[in-house]
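Listed here are the chains, written in short residue letters.
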Amino acid sequence: MSEIMITAYNQDLITQVKCLKKILEQNEVIETILRLAPKLNMPNWYLGSGCIAQTIRNKLHGFDLNNGIKDYDLVYYDSSDLSDEKEEFYIQKGKKLFGDILVQIKNEARVHLWYEKHFGSPIKPYKSVEDAINSWPTTATCIAVKYDNQHRLIVYAPYGLNDLFGMIVRPNKTQITKEIYLEKVKRWKKIWYKLKIIPWNNQ
């Protein structure tokens, strides 16, 4: 068991946040995104989901910190403009800003407009960016971060950080389907073999 897991798993939240910050600072891609993202001037933004959890998994496996990360999710919330054009404006601005880094920019205020067509079932509009994060697929990926003006890490983690540091994959059934969960688990287990998978029916 790694030193970081011993330090953070089943420890208090302050200790866990310190460990999270220490590991994320070692990921140059994430550091670059967090440093540059304020230049986009997006309202209510966070960097989150898979790229955070997978960075921790990589550290605990002894892998390169960006191993297996397909993209980096940068989310924001703007209910005043739900147009494709405004979201696309930020997407194109992000492409120029981040260069070769594959950053997926999404306005969580408009997800309900396309979710049913993409996933097969309707959802209610999110009330905030935090409301959206609450529905992400697993407890360990319901995590989002950003820096404040004094470079202090702001962490939003509605289900805590213990599953993250315990490498526990637990479904968050707020929105995800069993099929999507099993598909994600199958992919993740091939990359991060130490993951502890909680079966869908156990939740």
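Residues numbered from 1 in each chain as written. Predicted model: local features only at pLDDT ≥ 70, side-chain atom pairs only at ≥ 80, totals over all residues. Heavy atoms only, no water.

Q: Looking at this model, I keep getting lost on the sheet that holds strand β1 (residues 46-48). Mind explaining?
A: Pairing between sheet strands relies on hydrogen bonds along the backbone, with the strands arranged either parallel or antiparallel. Strands sit in the order β3-β2-β1-β4-β5 across an open sheet of five strands; the sheet is mixed. Single-partner strands in this sheet number two, and they are β3 (103-107) and β5 (153-156). Along the sheet, successive strands turn relative to each other by an average axial angle of 30 degrees, direction set aside. Looking at chain direction, β1 and strand β4 (residues 144-147) are connected through two bridges and run antiparallel. Paired with L47 across the strands is V145, a residue of β4. (Pairing = 2+ DSSP bridges. Helix = DSSP H or I, 4+ residues; strand = E, 2+ residues; numbered from the N terminus. Axes fitted to C-alpha atoms, helices over the stretch in contact; angles between N-to-C directions.)

Q: Got a minute to help me understand unusual backbone geometry in this structure?
A: Despite not being glycine, N41 has its phi angle at roughly 60 degrees, a positive value. Residue position: N41 is located in the loop between α3 (28-36) and β1. For H151, which is not glycine, the phi torsion reads 60 degrees and is therefore positive. Along the chain, H151 turns up in the loop between β4 and β5. Relative accessible area serves as the criterion here: at 42%, H151 is assigned to the partly exposed category. (Buried < 20%, exposed > 50% of the residue type's maximum accessible area, 1.4 Å probe, protein only.)

Q: Would you take a moment to explain the pattern of salt bridges for this structure?
A: Oppositely charged side chains may form a pair once their charged atoms are brought near each other. Counted by the stated rule, this structure contains five salt bridges. D84 is the salt-bridge partner of R110, the closest N and O atoms lying 2.4 Å from each other. In this pair, R110 is assigned in the loop between β3 and α6 (115-119) and D84 in helix α5 (residues 84-98), connecting sequence segments 26 residues apart. On the accessibility criterion, R110 (7% relative accessible area) is buried. (Salt bridge = Lys/Arg side-chain N within 4 Å of Asp/Glu carboxyl O.)

Q: I keep staring at the packing of helix α2 (residues 13-26) against helix α4 (residues 50-61) and nothing clicks. Help me out?
A: The axes of two packed helices give the description: the angle between them and the distance between them. It is at 10 Å that the axes of α2 and α4 come closest, and there the two elements cross at 90 degrees. The angle between α2 and α4 places the two elements in the roughly perpendicular class. Here α2 contributes L20, I23, L24 and Q26 to the contact with α4, which in turn contributes I52, T55, I56 and K59. Partitioned by chemical class, the residues of the contact of α2 with α4 number five nonpolar, two polar and one charged. (Parallel < 35°, antiparallel > 145°, perpendicular 65-115°, else oblique. Contact = heavy atoms within 4.5 Å. Nonpolar A, V, L, I, M, F, W, Y, C, P; charged D, E, K, R; others polar.)

Q: In this structure, what is going on with the packing of aromatic side chains? I would like to understand it.
A: Note on aromatic pairs: each is described by the distance of the centres and the angle between the planes. Counted under the stated rule, the structure contains six aromatic pairs. Between F89 and Y90, the aromatic rings sit 5.4 Å apart at their centres with planes inclined by 65 degrees, giving edge-to-face as the arrangement. Among the residues examined, Y90 registers a relative accessible area of 5% and is labelled buried. On the basis of an interplanar angle of 35 degrees and a centroid distance of 6.4 Å, the ring pair of W114 and Y115 is categorised as tilted. Here the aromatic cluster, defined as three or more aromatic residues joined through ring pairs, consists of Y76, F89 and Y90. Between R57 and the ring centre of W188, over which it is positioned, the NZ or CZ distance is 4.5 Å. The positively charged end of K146 is found above the aromatic ring belonging to Y46, 4.4 Å away from the centroid. (Phe/Tyr/Trp six-rings, centres within 6.5 Å; stacked < 30°, edge-to-face > 60°. Lys NZ or Arg CZ within 6 Å of the ring centre and 35° of its normal.)

Q: Explain the pairing of β5 to me, please; I cannot follow it from the model alone.
A: Across a regular strand the side chains alternate sides, sitting on one face of the sheet and then on the other. Pairing analysis gives four bridges linking β4 to β5, with the strands arranged antiparallel. Opposite V145, over in β5, you have V155 as the bridge partner. Adjacent in sequence and paired antiparallel, β4 and β5 are bridged by five residues, among which H151 carries a positive phi angle near 60 degrees.

Q: Looking at this model, I keep getting lost on the environment of A140. Mind explaining?
A: Relative to the helices and strands, A140 resides in the loop between α7 (129-133) and β4. Take A140: its relative accessible area is 2%, and that puts it in the buried class. As for A140 and W192, which are separated by 52 residues in sequence, their C-alpha atoms are 14 Å apart. Setting aside anything within four residues of it in sequence, one finds A140 in contact with A53, D163, L164 and I168.

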